[in-house]
Amino acid sequence: MTILSLARFQFAMTTVYHFFFVPFSIGTAFIVAIMESMYVSTKDETYKKMAKYWGNIFLLSFAVGVVTGLIQEFQFGMNWSDYSRFMGDIFGAPLALEALLSFFMESTFIGLWVFTWKKVRPGVHLFFIWMTSIGSLTSALWILTANSFMQHPVGYEVKGGRAVMVDFGALLKNPQLWYEYGHVILNAIMMGGVIIAGLTAFQLLKNKKLSEANKKFYKKSMRLGLLFALIFSIGGIVLGDVQMQYLIKEQPMKFAATEDVFTTTGKHAPWTIVGIADMKDHEVKDNIDIPYALSILSYHKTTGAVTGMNELNAQYKKKYGKNLDYYPPVNTLFYSFRIMCAIGAWIFLVSLVGLIMTREKSKKPLAQRRWALWCIAITTFLPFIGNTAGWFVTEFGRIPWTVYGLFTIAESVSPNVSVGSLLTSNIVYFVLFTTLAITLIWLIVRELRKDPSEAIEPKFKKVLDPFDKEAF
């Protein structure tokens, strides 16, 4: 164990835990805002009940996301102080906007939304949840602005050994930002739909006898969740394809690693379904290929060569120096990319079939097809894995750079940390994050056990003592 490896593991662990909850809260907040919009426009009490019921799930994910996000930001000063010195002038601006503008707006309006259901007009209350959702969407924008600079630096000059921002507008015009942001947001809303549909499926599997009101509630929740999952899975697949074509030009090493291409292909590039990258000999072993397929996937035609990692590594050694190995962790990228794509395709298929089964004309309702409900229920957990795999592709594909072409990971670590302190903090963070995750699951299960009607009119025991805590 080295200082660098422990610091990298700690930041990776924090990011993975944090990114479990960020798209969760972004997606559910957006869909809850849609639900309340439907209530305000139709006056259907079922939509109000849905907004409050699923809104409680959103609140839980938001709370855990805040805790993990704060710990993540602390690490820039703790373990990556040299990186902070180099990047502070650029990294600080979007992080400040995220905290002072987006997070402030999000946290303010989320409080107003929670406590004013019966105190303001429906239209005003609807404004609160939309401002909460917009706050979460813009929060992601500022964070990804900083991350996109690390992937594709723009609008800067290096002065005195530091990257200095000379054009903030260039950061916002960075094409990397809009591919990355669009892909993250589309998949976050898809994830919100999957979670609502999946948790509804668990409820239908558990509750065999439901009142007519609850049947209507779960049916609307299921259809809305599946609809969002279908629409935004299609959007995520399309934008992901466009983003990969962008990577071919801007980050060819990352793209070649996701496809196990060590040697530059001919004009008819084969696509490797499975294979094992030998990082010692820089070749692929035990691979199964489909002729022409990579050219079709990359360029949407049967011809088109893909530059191999061996050739790119030689180019980078000439450009950046011979003292570094520019190969990323190929097997991690290769299989993470396939896991992400497979989960996206599965969600699209399950959402499409599920929507067909929930039609009014369907011969057998979805609620009576237990195998279908189990498929939807199990799918609840897949977006967490898919988002993590996608983030692995984004971040591991940048190795050995922290800021692409400017600053390496080895240069970024704090000089004054020790193996002992990092090992201790890793253990503490792991225990803390695991406890938070278990607590969140327990609280979500507890919320789901409540009758949906309680979302609007909570039931309390009748008490005689006015100072009893349940009197309030």
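From a predicted model like this one, the values you see are computed outputs, not experimental measurements.

Draft legend 1. Geometry of the overall build of the protein chain. Counting its secondary structure elements, the protein chain contains 15 helices and six strands. Taken along the three principal axes of its C-alpha coordinates, the protein chain extends 80 × 55 × 40 Å. Burial analysis of the protein chain (472 residues in total) assigns 51% to the buried set. Across the protein chain, the 45 positively charged side chains and the 33 negatively charged ones have centroids separated by 9 Å.

Draft legend 2. Highlighting the packing of helix 11 (residues 330–357) against helix 13 (residues 382–396). Two numbers describe how helix 11 lies on helix 13: the axes approach to 8 Å, and their chain directions differ by 145°. Handedness of the crossing formed by helix 11 with helix 13: left-handed. Facing Thr332, Leu333, Ser336, Phe337, Ile339, Met340, Ile343, Trp346 and Ile347 of helix 11, the residues of helix 13 in contact are Leu382, Pro383, Ile385, Gly386, Ala389, Gly390, Phe392, Val393 and Phe396. A per-class count over the contact of helix 11 with helix 13 returns 14 nonpolar, four polar and no charged.

Draft legend 3. Representation of the pairing of strand 3 (residues 271–278) in the model. With six bridges connecting them, strand 3 and strand 4 (residues 283–290) associate as antiparallel partners. By the bridge assignment for strand 4, aspartate 278 is matched with glutamate 283. Counted along the chain from strand 3 to the antiparallel partner strand 4, the turn is four residues long, and its residue histidine 282 has a positive phi close to 55°.

Calculation criteria
- Residues numbered from 1 in each chain as written.
- Predicted model: local features only at pLDDT ≥ 70, side-chain atom pairs only at ≥ 80, totals over all residues.
- Heavy atoms only, no water.
- Helix = DSSP H or I, 4+ residues; strand = E, 2+ residues; numbered from the N terminus.
- Buried < 20%, exposed > 50% of the residue type's maximum accessible area, 1.4 Å probe, protein only.
- Lys, Arg positive; Asp, Glu negative; His and termini not counted.
- Charge placed at Lys NZ, Arg CZ, Asp CG, Glu CD.
- Axes fitted to C-alpha atoms, helices over the stretch in contact; angles between N-to-C directions.
- Left-handed = near helix turned anticlockwise from the far one by under 90°.
- Contact = heavy atoms within 4.5 Å.
- Nonpolar A, V, L, I, M, F, W, Y, C, P; charged D, E, K, R; others polar.
- Pairing = 2+ DSSP bridges.

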